[in-house]
Amino acid sequence: MTDTDVIVVGGGATGVGTARDLAMRGLDVTLFERGGLGSGTTGRSHGLLHSGARYATADPEGAAHCIQENRILRDIAGAAIEASSGLFVQLPDDDPDHFETRLSACRDLGIPATELSASEARERVPDLAEDVQRAFEVPDGVVYPSRLVAANAESARRHGATIRTETPIEDVRVDGGQVVGVEADGEFVAADHVVNAAGAWAGEVAALAGLDIEMAPTKGVMVAVDGPTVAPVINRCRPPADGDIAVPHEEGVVLGTTSTPVEAPDAPPNDDGDESAEAVEAMLQEGAAMLPAVAEADIDRVYWGVRPLYGGGEGRGRDASRGFQVFEGADDGRPGMTTVTGGKLTTYRLMAEAVADAVCGRLGIDEPCRTAEEPLPAGDPDALDELVAEFCTDFPADEDVVRA
Ligand SMILES: Cc1cc2nc3c(=O)[nH]c(=O)nc-3n(C[C@H](O)[C@H](O)[C@H](O)COP(=O)(O)OP(=O)(O)OC[C@H]3O[C@@H](n4cnc5c(N)ncnc54)[C@H](O)[C@@H]3O)c2cc1C
């Protein structure tokens, strides 16, 4: 006799998305998050709803996932997203061939991309640098991570799930080689299956079950400044590098980001000493190259997050895969646990669907995924922000927008 059908460990976008999906398929789900929802990487991300254009040349599969999920979120995610657009701008130092290659890669992948002259681009964004040579426009957007996790959690709850915040998993119990539940809050909770959606901490949670899943956490710093106000997301059109994205919020922009491999996801903010100050300066300089008003702008906040990248594949840092991986415990000799790593905030729903498919396969449940069709409870921004106040405690990515 179990206490719940499925335990989900981790209340970031991937975990709440998985809880929602499984609950919608009729399973009894209990989610455990050690802090507030989104307090891991999700609420500390850049908040770019990717069109896929950023990954179109280096990772076409990831780019295809992004445009698919971008379209779905525009339909279902209400006030958790801002369906603006995005410009890829070419500056004098940027290789014109790269512009052509990225533009045609977008078109090959079905990502709508419209080329703009320098003057057309400046008409769209008057604050844009004078020396922008040309641009193209894609359906990038803005995602408000705390609103997204709160909406997913509320939907999961309406379908019967239990969401337990501020409750870390202390241990995973294994009996006869099978994961049978978790220890949390001094109690044992038994389940038919455990999903490890602990993001950059997935290796630590897997280790509690005696599994070895190597993570490659990489840290990124973001700087939010007041003004300039720009409608679209601004991306520098060059191979991905530090400081080449500016995400617009109501009263400013979020500049980022860096990509520095770290030993552990809980590395303190200033573990790299002066480098943090250097990273902030670099973000401001790179941002000002695209939007000169950034140089005079007041800093509203500086924050950082750690990417939950899988360490067992090829590449590190910016070269590590931004795709996602689903590890079914049985493949590693530990039935009863499924672990998910990698991915993007933009693709959280697709990741959750893949995990839920795997879990349902294990449990013999034959119910289709409905998360792409059923809208999230996110139509009313005030009601949504009340849910953020209930579920979330730490969300620097969108604390300026959310009225929690
Ligand atoms: C700097 C940076 C910028 C980014 N920008 C973007 C972007 O603009 N667009 C985009 O699409 N993606 C972006 N990403 C990627 C995206 O943010 C992540 O891939 C995504 O948010 C990860 O979500 P997750 O649910 O897998 O992990 P998390 O959000 O980290 O969730 C895992 C949760 O598990 C919890 N946890 C850990 N251990 C335990 C335990 N023992 N018990 C209970 N809970 C536990 C943690 O507290 C955490 O909340 C960015 C990432 C970084 C680092």
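Residues numbered from 1 in each chain as written. Predicted model: local features only at pLDDT ≥ 70, side-chain atom pairs only at ≥ 80, totals over all residues. Heavy atoms only, no water.

What about the site of the ligand?
Neighbouring residues of the ligand: 34 residues in total, closest T14, E33, T42, L48 and T346. Here an oxygen atom of the ligand sits 2.8 Å away from a polar atom, N or O, in the main chain of T41. One nitrogen or oxygen atom from the main chain of L48 is found 2.8 Å from a nitrogen atom belonging to the ligand. Burial of the ligand by the protein amounts to 96% of the accessible area it has alone, namely 1000 Å². If you tally residues by element for the shell around the ligand, the top one is strand 18 (residues 299–307), at three residues. Here the residues of the shell around the ligand sort into 13 nonpolar, 17 polar and four charged. When residues of the shell around the ligand are assigned to domains, at least three map to each of domain 1 (4–43 + 146–216 + 314–391) and domain 2 (84–140 + 218–307). (Near = heavy atom within 4 Å. Polar contact = N/O pair within 3.5 Å; in protein donor to acceptor, adjacent residues only side chain to side chain. Areas by Shrake-Rupley, 256 points an atom, 1.4 Å probe, with all protein chains shown as cover. Helix = DSSP H or I, 4+ residues; strand = E, 2+ residues; numbered from the N terminus. Nonpolar A, V, L, I, M, F, W, Y, C, P; charged D, E, K, R; others polar. Domains from an automatic or database assignment.)

Thoughts on the sheet that holds strand 4 (residues 81–82)
Within a beta sheet, neighbouring strands are joined by backbone hydrogen bonds and run either parallel or antiparallel to one another. Judged by pairing direction, the sheet is antiparallel, and its three strands sit side by side in the order 3-8-4 without closing on themselves. The sheet terminates laterally at strand 3 (48–49) and strand 4, the two strands that pair on one side only. Of the strand pairs in this sheet, strand 4 and strand 8 (residues 141–143) are connected by two bridges, and their pairing is antiparallel. Bridging across to strand 8, I81 finds its partner in V143. (Pairing = 2+ DSSP bridges.)

A short note on the domain arrangement of the protein chain
Assigned domains of the protein chain: these are domain 1 (4–43 + 146–216 + 314–391) and domain 2 (84–140 + 218–307). Between domain 1 and domain 2, the C-alpha centre-to-centre distance is 30 Å. Listed as interface residues are nine residues of domain 1 and, on the opposing side, 12 residues of domain 2. At the boundary of domain 1 with domain 2, total buried surface from both sides reaches about 920 Å², with 48% on carbon and sulfur atoms. Our enumeration of links across domain 1 and domain 2 arrives at one salt bridge. For D266, the salt bridge is made with R34, and the minimal N-O distance between the two is 3.2 Å. Between the two partners, domain 1 and domain 2, sit four residue pairs in polar contact (both at pLDDT 80 or more). (Contact = heavy atoms within 4.5 Å. Buried area = accessible area lost by both parts, 1.4 Å probe. Salt bridge = Lys/Arg side-chain N within 4 Å of Asp/Glu carboxyl O.)

Let's talk about the packing of helix 2 (residues 60–76) against helix 8 (residues 348–363)
Running from amino to carboxyl end, helix 2 crosses helix 8 at an angle of 100°, the nearest separation of the two axes being 8 Å. With respect to helix 8, the axis of helix 2 lies roughly perpendicular. When helix 2 is examined against helix 8, the residues H65, Q68, E69, I72, L73 and I76 are found in contact with a partner set consisting of Y348, R349 and L350. (Axes fitted to C-alpha atoms, helices over the stretch in contact; angles between N-to-C directions. Parallel < 35°, antiparallel > 145°, perpendicular 65-115°, else oblique.)

Digging into the packing of aromatic side chains
Within the structure shown, the criterion is met by three aromatic pairs. Summarising the aromatic geometry, the rings of F99 and F136 are spaced 5.3 Å apart at their centres and angled 80° between planes, so their arrangement reads as edge-to-face. Taken together, the residues span a long stretch of sequence, with F99 in helix 3 (residues 96–108) and F136 in strand 7 (residues 134–138) at a distance of 37 residues. For F99, a relative accessible area of 0% corresponds to the buried category. We classify F136 as buried; its relative accessible area is 0%. On the numbers, 5.0 Å between centres and 55° between planes, the contact of Y310 with F327 is tilted. Residue Y310 is found in the loop between strand 18 and strand 19 (324–328), and its partner F327 is found in strand 19; the two are separated by 17 residues along the sequence. (Phe/Tyr/Trp six-rings, centres within 6.5 Å; stacked < 30°, edge-to-face > 60°. Buried < 20%, exposed > 50% of the residue type's maximum accessible area, 1.4 Å probe, protein only.)

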